[in-house]
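# A closer look at the structure
This is what each chain is made of:
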Amino acid sequence: MTSNNHRAQAMVLAAGLGKRMRPITDTMPKPLVPVAGKPMLDHVLDKLAAAGFDQAVVNCHYLGQMIVDHVATRPAPMVVTSPEVDLLETGGGVKKALPLLDREAILIANADVFWTEGREALFDRLISAFDPDHMDALLAIYPVADGYGYDGAGDFFWQVDGRLKRRGDAPNAPYFFTGVQVLSPRLFENTPDGAFSLNVVYDKALAEGRCYGLVHDGGHFHIGTPEALSDSEPVIARALEIERDKQAKAGGK
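Residues numbered from 1 in each chain as written. Predicted model: local features only at pLDDT ≥ 70, side-chain atom pairs only at ≥ 80, totals over all residues. Heavy atoms only, no water.

### Section: the packing of aromatic side chains
Counted only if it meets this: Stacked, tilted and edge-to-face are the three classes applied to pairs of Phe, Tyr and Trp rings, where Trp contributes its six-membered ring and a pair requires centres within 6.5 Å; stacked means planes under 30 degrees apart, edge-to-face means over 60, and tilted covers the rest. Only protein chains enter the accessibility calculation, which uses a 1.4 Å probe. A residue is then buried if its area is under 20% of the maximum for its type, exposed if over 50%, and partly exposed in between. Strands are runs of DSSP state E lasting at least two residues, helices are runs of H or I lasting at least four, and both sets are numbered from the N terminus onward.
Summed over all chains, the structure comprises seven aromatic pairs. With a centroid separation of 5.4 Å and an interplanar angle of 75°, the aromatic rings of W115 and F123 are classed as edge-to-face. Taken individually, W115 and F123 each receive the classification buried, so the pair is uniform in this respect. A centroid spacing of 4.1 Å and a plane angle of 15° characterise the contact between Y150 and F176, whose relative ring orientation is stacked. Taken together, the positions of Y150 in the loop between strand 8 (137-143) and strand 9 (156-158) and F176 in strand 11 (residues 175-183) put the pair 26 residues apart, joining distant regions of the chain. The pair Y150 / F176 is uniform in exposure class, with both members buried.

Set out below in structure tokens:
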């Protein structure tokens with residue numbers, strides 16, 4: 001990835017249908033659903049701006065014009081939209097946008113994820129930790145036991161050398177994928193045309209021993225349904241308040 005003075009571009013995945021969030025998403029795409037006073041998408045874009053990104057690509061499909069209109073009002077980062085007439089899924093969406101993205105490595109985040117920062121901002125940690133000589137993928141992961149609202153079986157085992165291993169046939173795994181990652185564009189060589197999942201490129205990186213994990217040390221909140229949103233909003237608001245207080249104290253030193 002390029003240096004901190006010349007950040008690689010980032011991409012935010014915002015093309016999903018948001019079916020589990022109905023009826024809220026009957027009239028707006030899930031990335032624009034407000035959480036703690038502003039749309040989910042803006043929480044992610046604000047973190048990109050804070051990390052120094054001056055440009056981001058945002059894909060869109062379902063009620064996509066609403067996303068196009070919304071990001072056009074943002075001062076930073078400057079957003080280039082990548083509309084999808086046909087839904088391309090996560091992998092196909094990134095592949096379509098590759099001409100707009102950095103050739104060395106790209107930071108990618110789902111638009112509908114929410115987290116608070118740890119001792120260092122997650123995007124900064126990922127950028128610093130990504131080593132293109134040894135990695136094609138660096139995924140931000142989180143302990144299953146600590147994820148607010150997460151009720152899945154986990155996705156990965158985190159090995160002693162930092163490499164990831166899928167849960168496979170195991171009944172559970174200790175870490176789940178947060179939806180935030182750094183990927184090398186080389187992973188998309190010889191991938192299918194049209195719609196496909198990013199799991200295709202993860203499997204390629206895993207098979208080559210070049211898929212690593214970074215454990216996020218802040219908070220993570222899973223918001224999948226209107227009920228989960230209602231339950232989590234007070235907790236998120238409090239977590240944001242604590243985060244702002246920490247940042248204010250750090251800035252005053």
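Picking up where we left off.
### Brief notes about helix 1 (residues 40-50)
Structurally, the α-helix is built with 3.6 residues per turn, so residues lying three or four positions apart point the same way. Among the 11 residues in helix 1, eight count as buried, and that is most of the element. Among all positions of helix 1, only M40, L41, D42, H43, V44, L45, K47 and L48 are buried. One or two steps after helix 1, the chain reaches G52, where phi turns positive at roughly 95°.

### So, the layout of surface pockets
Short version of the rule: Cavities and pockets are defined on a 1 Å grid built over the protein atoms alone: a cavity is a set of grid points where a 1.4 Å probe fits but cannot escape, while a pocket is an open set with protein on both sides within 12 Å along at least five of seven lines, and lining residues are those with an atom within 4 Å of any such point. Grid points are joined across faces, edges and corners, and a volume is the space filled by probe spheres set on the points. Charged means Asp, Glu, Lys or Arg here, nonpolar means Ala, Val, Leu, Ile, Met, Phe, Trp, Tyr, Cys or Pro, and polar covers whatever is left, Gly included.
By volume, the largest pocket is sized at about 1,200 Å³. Of all elements in the fold, only helix 3 (89-97), strand 11, helix 5 (199-207) and strand 13 (219-221) reach the threshold of two or more residues within the lining of the largest pocket. Take the lining of the largest pocket: its biggest share by element is five residues, from strand 11. In terms of residue class, the lining of the largest pocket is made up of 18 nonpolar, 15 polar and nine charged.

Everything listed is a geometric property; what it means functionally is a separate question.
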